[in-house]
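Listed below are the residues making up each chain.
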Amino acid sequence: MSAAVTATPRHTRPSPLNPNARAAAASGGTKPNAVSTRTHLANLDRLLVRPPPLPLQLQNKRLPDDDIDDSAATPDNRSGRGGLLNALNLSTFLPFTRKPAVDEMSPRSLAHLQRLLTLSPRPSPKGSIADEWRRYHGEGGWDGLLDPLDQNLRREVLRYGDFVQAAYTAFHSMPSSAAASQYSQHRTLVLPDRSSRPTRSLFATSSLSIPPWAQRRSAPRWLTQRSSFVGYVAVCDNEREVQRMGRRDIAVVLRGTATCPEWAENLRAGLVPVDDDDGGSPQNAPKVAKGFLSLYKTAGDHVPSLSDAIVDEVRRLVDVYKGEELSITVVGHSLGASLAVLAADELSACLASDHPRPPPIAVVSFGGPKTGNRAFADRLQHERGVNVLRVVNAGDVVTRVPGAPPAIAREGHVHVGAELRLDSRDSPCLRPDAGPACCHDLEAYLHLLDGFTGSGRPFRADASRSVARLLTYQRPNVKRAYVERARVLGFEPATPRTATANGAGGGAEGQYGYLASPT
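It should be emphasised that the depicted structure is a prediction, and the values quoted were computed from it without experimental measurement. (Residues numbered from 1 in each chain as written. Predicted model: local features only at pLDDT ≥ 70, side-chain atom pairs only at ≥ 80, totals over all residues. Heavy atoms only, no water.)

> What's the story with the overall build of the protein in this structure? I'm lost.
Across its full length, the protein holds 17 helices and nine strands. Burial statistics for the protein: of 519 residues in total, 59% are counted as buried. Considering only contacts within the protein whose residues lie at least 6 apart along the sequence, 78% involve residues at least 24 apart. (Helix = DSSP H or I, 4+ residues; strand = E, 2+ residues; numbered from the N terminus. Buried < 20%, exposed > 50% of the residue type's maximum accessible area, 1.4 Å probe, protein only. Contact = heavy atoms within 4.5 Å.)

So this is what it looks like as structure tokens:
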């Protein structure tokens, strides 16, 4: 490194994963975390473009201490007008919070540019899991794999997270559903894992509509449309990857909230029977949030319901690859996590009626809210055998809603499945006071997951996920030392896309899915 680090974070415990910290602490010389800071900054050098010669004025510049309160040193202010809006993803549909639209490169060109920011992109996990694929797919509830986190499971979950990023990218690249009648055609999908092929685009439709008086003339049409692209179905069609994974995986991928009707549905948290024949059922019947079920079951003017589209496509793929070892993985972030749980519940019932030995179904969710009641959770796991892995950030408020007083919690909303708990405060790059927008951001989730080794253990020193997108979308929440280092290396984060009135623009400021992930 060409710049000296003179101070370090407050807390680094000596451990087998960080032997240099132990030696430093024993010597009483350098602060224990000095080595840790150098390690992560060197990793930043490796992940970003090759550093140019330093300008003369920066030759002797010292990087700021991690102990320094740099909240006043950066022009960004998380408590400003966009902070809470970004936390709730409201900035995606409030036009006055966005910057003017600008011309942008195509998603494919942007994906290529993103890959150039890494020295060793890994589109797919390298380790073979063929012998234990059922365990990595959730058999046994991921017992013994979560804490400490198994490196093969980390790679698998990161890969699924990047699938969700691709769904965000596709939506923000073409948010308007004007061409929804051509729903069988794939939108601008750039999958980070080229061994998988998208087979069908998915649309979710709200049963609500925005009244004319609430529609601003300056707001783009996609903000108020009832039907929107929400994800896709993909299948692994690379034989080498099939051999590595031990089976052919069918993935159903779902993004989070992006439009006004979707947010309105989110607020309809009352529990309703999940099955049509449970209209007069007792209190212990399986129930889910009304808004989630509405988005899942409602058909649009030109598109089928999300429920019908998922079931039809998965059934078709299971028939196409009949006789092979198959698995089904439903992945989602935020709202998409709840829709994923609903899809898995229905798929398990439908496939069980079609096949004597249906493929196992697993759900991988990021930052998901509570979806249904205890009866629904018990049916999903114990009766229908669906394995659910919830990746949760300790500071993410979305994972704690809807809340309920303890007296009625037993009959109210509950979580389902195994939990992998992360914490933004464990990251060497993110500020310890990272705001709610950062704690719910999908890229922040994947950054934390890439560095997580286990509870009470230091962030992985050789974490290899590119920080380019983290700098782009969460720059106010990144420590000043790392922002400064990226600037010295000549890396300027891209300006996030903004929506245009005709729907041709990209995603909203500070949101997800702008560039395809390099890992």
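Alright, that's what it looks like, and here's the rest.
> Looking at this model, I keep getting lost on the pairing of strand 3 (residues 248–254). Mind explaining?
Two faces belong to every sheet, and in a regular strand the side chains alternate between them. The buried fraction of strand 3 is high, at seven of seven residues. Of the two faces of strand 3, the one carrying Arg248, Ile250, Val252 and Leu254 and the one carrying Asp249, Ala251 and Val253 are both buried. Here seven bridges tie strand 3 to strand 6 (residues 326–333), and the two strands are oriented parallel to one another. Counted as the bridge partner of alanine 251 is threonine 329 from strand 6. (Pairing = 2+ DSSP bridges.)

> How should I be thinking about the nonpolar core in this particular structure?
Across soluble globular proteins, nonpolar side chains show a tendency to be buried alongside one another. Leu153, Val157, Tyr232, Phe366, Leu420, Leu422 and Leu449 are the most contacted members of the largest nonpolar core, which totals 63 residues. Sort the elements by how many residues they give to this core and helix 6 (residues 151–173) lands first, with 11 residues. Apart from the residues within four sequence positions on either side, valine 157 is in contact with Val364, Phe366, Leu389, Val391 and Leu449. Formed by 45 residues, the second largest nonpolar core is a distinct cluster that contains Leu254, Leu293, Tyr296 and Ala340. (Core = buried A, V, L, I, M, F, W, Y, C linked by side-chain atoms within 4.5 Å.)

> What should I look at first to understand the confidence of the model for the protein in this one?
Fine structural detail should not be taken from predicted coordinates in areas where pLDDT scores are low. Mean pLDDT over the protein works out to 75, with 65% of the residues at or above the 70 mark. For the stretch residues 496–519, pLDDT sits under 50, and the model shows 114 contacts to residues farther than four places along the chain or on other chains. (pLDDT = per-residue confidence, 0-100.)

> I tried to follow the packing of aromatic side chains on my own but got confused; where do I start?
The final tally for this structure, using the stated rule, is two aromatic pairs. With a centroid separation of 6.1 Å and 80 degrees between ring planes, the pair formed by tyrosine 160 and phenylalanine 163 is classed as edge-to-face. In this pair, tyrosine 160 and phenylalanine 163 both sit in helix 6, three residues apart, roughly one turn of the helix. The same class applies to tyrosine 160 and to phenylalanine 163, which are both buried. Between phenylalanine 203 and phenylalanine 229, the aromatic rings sit 6.1 Å apart at their centres with planes inclined by 80 degrees, giving edge-to-face as the arrangement. Taken together, the residues span a long stretch of sequence, with phenylalanine 203 in strand 1 (residues 196–205) and phenylalanine 229 in strand 2 (residues 227–236) at a distance of 26 residues. Owing to a relative accessible area of 4%, phenylalanine 203 belongs among the buried residues under this scheme. In this arrangement the basic side chain of arginine 159 is found over the ring face of tyrosine 160, its NZ or CZ atom lying 4.9 Å from the centre. (Phe/Tyr/Trp six-rings, centres within 6.5 Å; stacked < 30°, edge-to-face > 60°. Lys NZ or Arg CZ within 6 Å of the ring centre and 35° of its normal.)

> Can you help me understand the pattern of salt bridges in this one?
Two side chains of opposite charge can pair, provided their charged atoms sit close to one another. For the structure shown, the criterion picks out 28 salt bridges. Arginine 469 is paired through a salt bridge with glutamate 443; the nearest N and O atoms lie 3.0 Å apart. One end of the pair, arginine 469, is in helix 16 (residues 468–473); the other, glutamate 443, is in helix 15 (residues 442–451), and 26 residues separate them in sequence. Glutamate 443 carries the same exposure label as arginine 469, and that label is buried. Through salt bridges with shared partners, one network takes in Glu156, Arg159, Asp193, Glu241 and Arg244. (Salt bridge = Lys/Arg side-chain N within 4 Å of Asp/Glu carboxyl O.)

> Explain the pairing of strand 6 here, please?
Burial analysis of strand 6 places eight of its eight residues in the buried class, the great majority of the element. The alternating pattern of strand 6 places Leu326, Ile328, Val330 and Gly332 on one face and Ser327, Thr329, Val331 and His333 on the opposite face, and all of these are buried. Sheet topology places strand 6 next to strand 7 (residues 361–366); six bridges connect them, and they run parallel. Directly across from valine 331, in strand 7, lies its bridge partner valine 364. On the question of chirality, the crossover connecting strand 6 to the parallel strand 7 by way of helix 11 (residues 335–354) is right-handed. (Right-handed = clockwise from strand over helix to strand, strands pointing away.)

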